[in-house]
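Analysis of the macromolecular model
Each chain, written out:
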Amino acid sequence: MSDGGNPFGYEFMNFQRLLDIPMDISPYNYAATGTGLAIALSVVGAAWGIFITGASLLGGAVKEPRIRTKNLISVIFCEAVAIYGIILSIIFSGKLNIVAGNAFTNADWYSGFAIFNGGLTVGGCNLVCGICVGIVGAACALADAQKPELFVKILVVEIFGSALGLFGVIIGIVMTTQAKFG
Amino acid sequence: MADITYETCPTSAPFFGFMGVTAALCFANIGAAYGTAKSGVGISSMGVMNPQLVMRNIIPVVMAGVLGIYGLIVAVIIQGAITTPDNTGATVYSSFTGYAHLSAGLCCGLSGLAAGMAIGIVGDAGVRAVGQQERLFVGMILILIFAEALGLYGLIVALILSQQSYDCSANGAR
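Structural notes, computed from the coordinates. Predicted model, so just to flag it, every value in this text is computed and none were measured. (Residues numbered from 1 in each chain as written. Chains lettered and ligands numbered in written order. Predicted model: local features only at pLDDT ≥ 70, side-chain atom pairs only at ≥ 80, totals over all residues. Heavy atoms only, no water.)

**Some details on unusual backbone geometry**
Backbone geometry places Asn102(A), a non-glycine residue, at a positive phi of 55°. Note on placement: Asn102(A) falls in the loop between helix H4 (72-93) and helix H5 (106-146). (Helix = DSSP H or I, 4+ residues; strand = E, 2+ residues; numbered from the N terminus.)

**Some remarks on the pattern of salt bridges**
Under the definition given, this model contains six salt bridges over all chains. One salt bridge in this structure joins Glu64(A) and Arg66(A), with 3.0 Å as the shortest N-O distance. Asp124(B) is the salt-bridge partner of Lys38(B), the closest N and O atoms lying 3.3 Å from each other. Of this pair, Lys38(B) sits in helix H1 (residues 13-49) while Asp124(B) sits in helix H3 (residues 95-132), and the two are 86 residues apart along the sequence. Residue Asp124(B) is classed as buried on the basis of its relative accessible area of 12%. Bridged by salt links that share partners, the residues Glu64(A), Arg66(A), Lys70(A) and Asp144(A) form one connected network. (Salt bridge = Lys/Arg side-chain N within 4 Å of Asp/Glu carboxyl O. Buried < 20%, exposed > 50% of the residue type's maximum accessible area, 1.4 Å probe, protein only.)

**Some points on the interface of chain B and chain A**
Facing 51 residues of chain B, the contacting portion of chain A comprises 47 residues. Of the roughly 4200 Å² buried at the junction of chain B and chain A (both faces included), carbon and sulfur atoms supply 76%. Counting the contacts that link chain B with chain A gives zero salt bridges. Listing elements by their share of the side of chain B that touches chain A, those giving two or more residues are H1, helix H2 (59-81) and H3 of chain B. The element contributing the most residues to the side of chain B that touches chain A is H1(B), with 21 residues. Across the side of chain B that touches chain A, the residue classes tally to 34 nonpolar, 16 polar and one charged. (Contact = heavy atoms within 4.5 Å. Buried area = accessible area lost by both parts, 1.4 Å probe. Nonpolar A, V, L, I, M, F, W, Y, C, P; charged D, E, K, R; others polar.)

**Focus: the packing of H5(A) against H1(B)**
Running from N to C, H5(A) and H1(B) cross one another at 0°; their axes reach a closest spacing of 9 Å. Classified by the angle their axes make, H5(A) and H1(B) are roughly parallel. Grouping the constituent residues of the contact of H5(A) with H1(B) by class yields 24 nonpolar, nine polar and no charged. (Axes fitted to C-alpha atoms, helices over the stretch in contact; angles between N-to-C directions. Parallel < 35°, antiparallel > 145°, perpendicular 65-115°, else oblique.)

**Looking at the side chain of Ser89(A)**
All names here are of chain A. For serine 89, the location among the structural elements is in helix H4. Here serine 89 falls in the buried class, since its relative accessible area comes to 8%. Within the structure, the side chain of serine 89 is placed 3.1 Å from the backbone oxygen of isoleucine 86, a separation counted as a polar contact. Each residue touching serine 89, except ones within four places of it in the same chain, is listed here: Thr35, Ala38 and Ile39. (Polar contact = N/O pair within 3.5 Å; in protein donor to acceptor, adjacent residues only side chain to side chain.)

**Points about the packing of aromatic side chains**
Applying the stated rule across the entire model yields eleven aromatic pairs over all chains. Considering the side-chain rings of Tyr30(A) and Phe113(A), the 5.1 Å spacing of their centres and the 75° angle between planes classify their relative orientation as edge-to-face. With a gap of 83 residues between them, Tyr30(A) in helix H2 (residues 27-61) and Phe113(A) in helix H5 connect regions that are remote in the sequence. Classification of Phe113(A) by relative accessible area gives buried; the value is 0%. Their ring planes at 80° and their centres at 5.5 Å tell us that Phe15(B) and Phe16(B) sit as a pair that is edge-to-face. Neither Phe15(B) nor Phe16(B) differs from the other in exposure class; each is buried. The aromatic ring of Phe137(B) is capped on one face by Arg56(B), whose charged end is 4.2 Å from the ring centroid. (Phe/Tyr/Trp six-rings, centres within 6.5 Å; stacked < 30°, edge-to-face > 60°. Lys NZ or Arg CZ within 6 Å of the ring centre and 35° of its normal.)

Don't take any of this as a statement about function, it's just geometry.
Structure below.
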């Protein structure tokens, strides 16, 4: 760091280093973390939604036992979110390969970034989708307990909520179609 | 002044582009999920008192879902523009394009998040009010439209930003 005529008296010379920071982490790590996040965050979302729905469903069924079978569909909607996550993570894990001598090409770095962000997208979208469907499912169970005709109408709201997880799956698949190692 | 050179198409450039895709979809989905859940709970509570109004009052949920669609549109557009390294193994995707895509994704995503929170809170209060006083329906819709417009502004700016690109191909054309 030299003066270089700068009135501040010092000069930070190498911003190129900032562009190289994402490459301090190996592409294997990026791809594996993405695979892990896809399943992990999806399962967290599904579990969160299931316990929110399940608690309200069981509480409401104390006085109205007839609601318990129909409202399991809300639990199934939450479970579907976890299924999306496991399918995508199996797809991503199939793309992991050894690169001979760890001599990574630009295409390997691209693949690492793509799988990381694909997994993060899938996991993040499924996380919020699961929570959303869980909250609406809980409300649906309690409304159904009071007026049976409301069940189908509130189910429409749940279907809108479950579309959010599908968006994540679509983008996750499209992002990683050209990702391959080796 | 020392000679500072930056690589135009470094290997790390796609990282920022992909983070833009993730930001666009995940944040917009958080907003859409919040709007759907909050309004859905309001509709369920209102429906116990006034079941025939439930189908009309699903409008806040539809508007929240549209925010997720905005995120999906921007994500598809951005990820279609992230080019793989070419046959010789050189990166064609520049940092300029990467940062433009990151900003486009953040624009759409965070605007969608904000709009979704607004739609959720207004939808919840609105449907409960409409359940008791039907004449408030048009007022609720007007407020929801103003909230939805915020997400639309984010989409517009994201689409404009995503058109910015620079390639490190043979002639460096845009």
